[in-house]
Amino acid sequence: MTPSPADIRKGLWLGLLGTVIFAVTLPATRLAVGTPEAPQLSGLFIAMGRAVVAAALSAAFLLATRAPLPRRGERWPLALTAAGVVLGFPLLTSVAMRHVEAVHASVIVGVLPLATAAVGALLHRQRPSTGFWLCAGAGSALVVAFAVLRSGAPGGLGAGLSIQPADGLLLAAMLCAAVGYAQGARLSQRMRAEHVICWALLLALPVTLPLAVLSWPAAPVKASAWWALGYVAVFSMWLGFFAWYRGLALGGTVRVSQVQLLQPFLSMLFAVPLLGERLDAVTAGFGLAVISVVFIGRKMPVSAPPASRPCAPRL
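Just so it is clear, the structure is predicted and the values come from calculations on it, not from any experiment. (Residues numbered from 1 in each chain as written. Predicted model: local features only at pLDDT ≥ 70, side-chain atom pairs only at ≥ 80, totals over all residues. Heavy atoms only, no water.)

### What to know about the overall build of the chain
Summing up its helical and strand segments, the chain has 13 helices and two strands in all. Burial status across the chain gives 52% buried among its 315 residues. Of the accessible surface of the chain, which amounts to about 13,700 Å², a share of 70% is contributed by carbon and sulfur atoms. (Helix = DSSP H or I, 4+ residues; strand = E, 2+ residues; numbered from the N terminus. Buried < 20%, exposed > 50% of the residue type's maximum accessible area, 1.4 Å probe, protein only. Areas by Shrake-Rupley, 256 points an atom, 1.4 Å probe, with all protein chains shown as cover.)

### Considerations on the pattern of salt bridges
For the structure on display, the rule yields one salt bridge. Close ionic contact of Arg192 with Glu194 constitutes a salt bridge, the shortest N to O distance being 3.4 Å. Relative accessible area serves as the criterion here: at 21%, Arg192 is assigned to the partly exposed category. (Salt bridge = Lys/Arg side-chain N within 4 Å of Asp/Glu carboxyl O.)

### Description of the packing of aromatic side chains
Per the counting criterion, the structure on display carries 13 aromatic pairs. Note on Phe241 and Tyr245: the rings are 5.2 Å apart at their centroids and 45° apart in plane angle, and the pair reads as tilted. Here the residue Phe241 and the residue Tyr245 both occupy positions in helix α10 (residues 223-251), the gap between them amounting to four residues, near one helical turn. Side by side, Phe241 and Tyr245 carry an identical accessibility label, which is buried. The rings of Phe22, Tyr181, Phe241, Trp244 and Tyr245 are connected pair by pair, giving a single aromatic cluster. (Phe/Tyr/Trp six-rings, centres within 6.5 Å; stacked < 30°, edge-to-face > 60°.)

### A word on helix α1 (residues 5-23)
An α-helical turn contains 3.6 residues, so any two residues separated by three or four positions project in the same direction. With 19 residues, α1 should reach 27 Å at 1.5 Å per residue; the first-to-last C-alpha distance of 26 Å fits that figure. Every buried residue belonging to α1 is among Ile8, Gly11, Gly15, Gly18, Thr19, Ile21, Phe22 and Ala23, and all of these are buried. Elements in contact with the buried residues of α1: α2 (25-33), α8 (165-187), α10, α11 (253-256) and α12 (263-275). (Expected span 1.5 Å × (residues − 1). Contact = heavy atoms within 4.5 Å.)

### Description of the side chain of Arg98
Relative to the assigned elements, Arg98 resides in the loop between α4 (72-96) and α5 (102-108). Summary of buried charges: Arg98 has no salt-bridge partner, and the nearest side chain of opposite charge, Glu37, is 8.9 Å away. Only 2.8 Å separates the side chain of Arg98 from the backbone oxygen of Leu41, close enough to count as a polar contact. Residues contacting Arg98, with those up to four places away along its chain left out, are Arg30, Val33, Gly34, Thr35, Pro36, Pro39, Gln40, Leu41 and Ser42. (Lys, Arg positive; Asp, Glu negative; His and termini not counted. Polar contact = N/O pair within 3.5 Å; in protein donor to acceptor, adjacent residues only side chain to side chain.)

### Considerations on a nonpolar patch on the surface
Together, Leu44, Val207, Leu211 and Leu214 give the surface a local cluster of nonpolar side chains, amounting to about 340 Å² of exposed area. With three residues, helix α9 (residues 193-214) is the largest single contributor of residues to the nonpolar patch. Considering the arrangement of structural elements, one finds Leu214 in helix α9. (Patch = residues over 30% accessible without salt bridge, like charges linked within 9 Å, V, L, I, M, F, W, Y side chains within 5 Å.)

### A few points about the packing of helix α3 (residues 43-64) against α10
Relative orientation of the contacting elements α3 and α10 amounts to 50°, with a least axis distance of 9 Å. Classified by the angle between their axes, α3 and α10 sit oblique to one another. Crossing of α3 over α10 shows right-handed handedness. Within the contact between the two elements, α3 uses Phe45, Ile46, Arg50, Ala51, Val53, Ala54, Leu57, Ser58 and Phe61 and α10 uses Trp226, Leu229, Val232, Ala233, Val234, Ser236, Met237, Trp238 and Phe242. For the contact of α3 with α10, the per-class residue count stands at 15 nonpolar, two polar and one charged. (Axes fitted to C-alpha atoms, helices over the stretch in contact; angles between N-to-C directions. Parallel < 35°, antiparallel > 145°, perpendicular 65-115°, else oblique. Left-handed = near helix turned anticlockwise from the far one by under 90°. Nonpolar A, V, L, I, M, F, W, Y, C, P; charged D, E, K, R; others polar.)

### Points about the environment of Ala23
Looking at the secondary structure, you find Ala23 in helix α1. On the accessibility criterion, Ala23 (0% relative accessible area) is buried. Distance from Ala23 to Leu269, taken between C-alpha atoms, is 9.2 Å for residues 246 residues apart in sequence.

### Some remarks on the nonpolar core
Generally speaking, a soluble globular protein has its nonpolar side chains buried in company with each other. With 83 residues, the main nonpolar core has Val86, Tyr181, Ile197, Leu201, Phe241 and Tyr245 as its most contacted residues. Ranked by the residues each element gives to this core, the list is headed by α10, at eleven residues. Phe241 has contacts with Phe22, Val85, Tyr181, Ile197, Ser236 and Arg246, leaving out every residue within four places of it along the chain. (Core = buried A, V, L, I, M, F, W, Y, C linked by side-chain atoms within 4.5 Å.)

### So, the side chain of Ser94
If you trace the backbone, Ser94 turns up in helix α4. According to the relative accessible area criterion, Ser94 is buried, its value standing at 1%. Within the local environment of Ser94, its side chain forms a polar contact with the backbone oxygen of Pro90, the two atoms lying 2.6 Å apart.

### Section: α10
Given a rise of 1.5 Å per residue, 29 residues ought to cover 42 Å, and the 39 Å separating the end C-alpha atoms of α10 matches this to within 8%. The sharpest bend along α10 reaches about 45° and sits at Phe241. Two residues or fewer past α10, Gly252 is found with a positive phi of approximately 95°. (Bend = angle between axes of the 7 residues up to and from the residue.)

### Overview of the confidence of the model for the chain
Summarising the model, the chain shows a mean pLDDT of 85, and 90% of its residues fall at 70 or more. α3 holds the highest mean pLDDT among the elements of the chain, 97, whereas strand β2 (residues 302-303) holds the lowest, 64. Throughout residues 157-161 the model reports pLDDT below 50, and contacts reaching past four residues in sequence, or to other chains, amount to eleven contacts. (pLDDT = per-residue confidence, 0-100.)

### A closer look at the packing of helix α6 (residues 112-123) against α8
The geometry of α6 relative to α8 is characterised by a closest axis approach of 8 Å and an angle of 45° between their N-to-C directions. With respect to α8, the axis of α6 lies oblique. Seen along the crossing, α6 lies across α8 with a hand that is right-handed. When α6 is examined against α8, the residues Leu112, Ala115, Thr116, Val119, Gly120 and Leu123 are found in contact with a partner set consisting of Met174, Ala177, Ala178, Val179, Tyr181, Ala182, Gln183 and Arg186.

Okay, structure coming up:
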């Protein structure tokens, strides 16, 4: 069913709220993991710890709202959602962020809106145009080019033309997030958006809890690292998805994911005061180029098959 103009507007505003919350994730994760010279929390502990904290909040929320158990047909999509946004994206970004600055990572994940739109289009059996896929390829090429140019010394053009392992982790994280976003948005048409992320977090708890305990830091870390972990647990891993999944469900995944065009620049801006990082012309230029390509791609036609009316979300 085609969303109404009112639903589209509400979906875009909710998507914007989620995007602002998510934009702090990379700088906060960098603050939590530290640098190779001054490491703080491990990437594994951050990824698993944030999920455990959010799962505890989710259990209380599900009980308070008398949430029904997921139906049989909803369990596999929930597992894919958990694999993408509870396990894959947090773990891959947490490991990568110790080795790259948040400004750098913001460019690498700049094609996430287009990836989310592409996965959403395929999931909903829509037919993106040739122009859409050309823009997807151009955006990916820009990200790879940036990673190659920055493969040497931090802050400057690299001498070795290769993609660093951290860049590969970020690209894999982008794919995980795209799958998790699209699956969660689809579920949000049948379940309350808040319940989708809550059930996904509880489904992953048998994995996240033991790993969080095993990776508990053995040495003292700065208070700022714990505060950063608190942010990614409560906001990035939980509350942000309340707004994001509801926005995708109301306005459509392909359309509302457009607001993520703002996320790379917002992350760069947040990284400057939070981490004292420098936003240089090359990084800003590539970020603008990626956003421009994604913006053009988002305008390319995406044909939809005859749609049946989705089930009303269960309260």
